[in-house]
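# Fold and contact review
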Amino acid sequence: VTSFTTYNEIIDYLNGAIKDDFPDVGTIEYVASSIDPAIAVDGLAAYYAMPAIDSTMPDSIKVNTSSGSSSVDMISTYSTVAHEGIPGHMYQTNYVYQHFDNLYQKLNSSIAYTEGYATYVQNYAYKYLTDIDQDYLKVVKDNELISYFIIVLADIGIHYYGDSIEDTLEMLNGYGFSLDSDSVKPLYQQLQN
């Protein structure tokens, strides 16, 4: 666990920690809060609500901690806030709004680019957790990357090879996961769409 007690602490800490590694975007007005449990769903860890280009409202990040499996002080929450906030989507959006002159560039969003960037900096942000055992953080980072690789393999299997749920289950179990068809079905359906 970390010593953070609020999402704002995480964002403010990261905003200071990234100064030597990322260009300055100034002060970002934002609100970070929990997703209302009435609308929270499993599989959605958090989201950054991208502001309208002419908005004067603060940026907004919502984090899902209603499942009971995570809280603000967990490393997974830190990682999620880094992905959605600073140096992730919130930082990226503010950088683009401040440094790109072309309106098309500001409005054009490629999910592969934005998610790829946010996933990269989410992983990169672990280096700022200097009070956590670095060997443990390496295991956490490697586990996250392996999970992404497995999902990519499942995606390729489904869309290139035409894998069924059973094929996907066999592939996942072949990599050491102990899953059944019911637990693979949501992943399969999400990738299939």
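This one's a predicted model, so the numbers in the text were calculated from it and none came from an experiment.

Within the chain, the secondary structure is distributed over 8 helices and 3 strands. The order of α-helices and β-strands along the chain, N terminus first, is α-β-β-β-α-α-α-α-α-α-α. Referenced to the eigenvectors of the C-alpha coordinate spread, the extents of the chain come out at roughly 50 × 40 × 35 Å. Burial status across the chain gives 38% buried among its 193 residues. For the chain, long-range pairs separated by at least 24 residues make up 69% of all intrachain contacts whose partners lie at least 6 apart in sequence. Counting every atom, the chain has about 11,400 Å² of accessible surface; 54% of that belongs to carbon and sulfur.

Here the focus is the pattern of salt bridges. Counting across every chain of the model gives 3 salt bridges. Residues lysine 19 and aspartate 24 are paired through a salt bridge, measuring 3.4 Å at the closest nitrogen-oxygen approach. By relative accessible area, lysine 19 is classed as partly exposed at 43%. On the accessibility criterion, aspartate 24 (52% relative accessible area) is exposed. For lysine 127, the salt bridge goes to aspartate 21, with nearest N and O atoms at 3.1 Å. Remark: aspartate 21 occurs in the loop between α1 (7–17) and β1 (30–34) and lysine 127 occurs in the loop between α5 (111–124) and α6 (134–159); sequence separation between them is 106 residues.

With an omega of 10°, the peptide bond running from isoleucine 86 to proline 87 counts as cis. If you trace the backbone, proline 87 turns up in the loop between α2 (75–84) and α3 (89–99).

Packing of α2 against α5 brings their axes to within 8 Å, and their N-to-C directions diverge by 140°. Classed by the angle they form, the pair α2 and α5 counts as oblique. The hand of the α2/α5 crossing is right-handed. On α5, the residues touching Ser79, Ala82 and His83 of α2 are Glu115, Ala118, Thr119, Val121 and Gln122.

Between two aromatic rings, the relevant description is the distance of the centres plus the angle of the planes. A full pass over the atoms with the stated rule returns 10 aromatic pairs. Ring centres of phenylalanine 4 and tyrosine 13 lie 5.5 Å apart, and the angle between their planes is 55°; on these two criteria the pair is classed as tilted. For tyrosine 13, a relative accessible area of 32% corresponds to the partly exposed category. On the numbers, 5.7 Å between centres and 75° between planes, the contact of phenylalanine 22 with tyrosine 91 is edge-to-face. Here the residue phenylalanine 22 occupies a position in the loop between α1 and β1, and tyrosine 91 occupies one in helix α3, the gap between them amounting to 69 residues. Each of the two residues, phenylalanine 22 as well as tyrosine 91, counts as buried. Among the aromatic residues, those joined into a cluster by ring pairs are Phe22, Tyr91, Tyr95, Phe100, Tyr120, Tyr124 and Tyr128.

This paragraph deals with the packing of helix α7 (residues 165–174) against helix α8 (residues 181–192). Two numbers describe how α7 lies on α8: the axes approach to 10 Å, and their chain directions differ by 105°. The angle between α7 and α8 falls in the class roughly perpendicular. Across the interface between the two elements, Ile165, Thr168, Leu169 and Leu172 of α7 pack against Ser181, Val184, Lys185, Leu187 and Tyr188 of α8. Its residues assigned to classes, the contact of α7 with α8 shows 6 nonpolar, 2 polar and 1 charged.

The rules behind the values
- Residues numbered from 1 in each chain as written.
- Predicted model: local features only at pLDDT ≥ 70, side-chain atom pairs only at ≥ 80, totals over all residues.
- Heavy atoms only, no water.
- Helix = DSSP H or I, 4+ residues; strand = E, 2+ residues; numbered from the N terminus.
- Buried < 20%, exposed > 50% of the residue type's maximum accessible area, 1.4 Å probe, protein only.
- Contact = heavy atoms within 4.5 Å.
- Areas by Shrake-Rupley, 256 points an atom, 1.4 Å probe, with all protein chains shown as cover.
- Salt bridge = Lys/Arg side-chain N within 4 Å of Asp/Glu carboxyl O.
- Axes fitted to C-alpha atoms, helices over the stretch in contact; angles between N-to-C directions.
- Parallel < 35°, antiparallel > 145°, perpendicular 65-115°, else oblique.
- Left-handed = near helix turned anticlockwise from the far one by under 90°.
- Phe/Tyr/Trp six-rings, centres within 6.5 Å; stacked < 30°, edge-to-face > 60°.
- Nonpolar A, V, L, I, M, F, W, Y, C, P; charged D, E, K, R; others polar.

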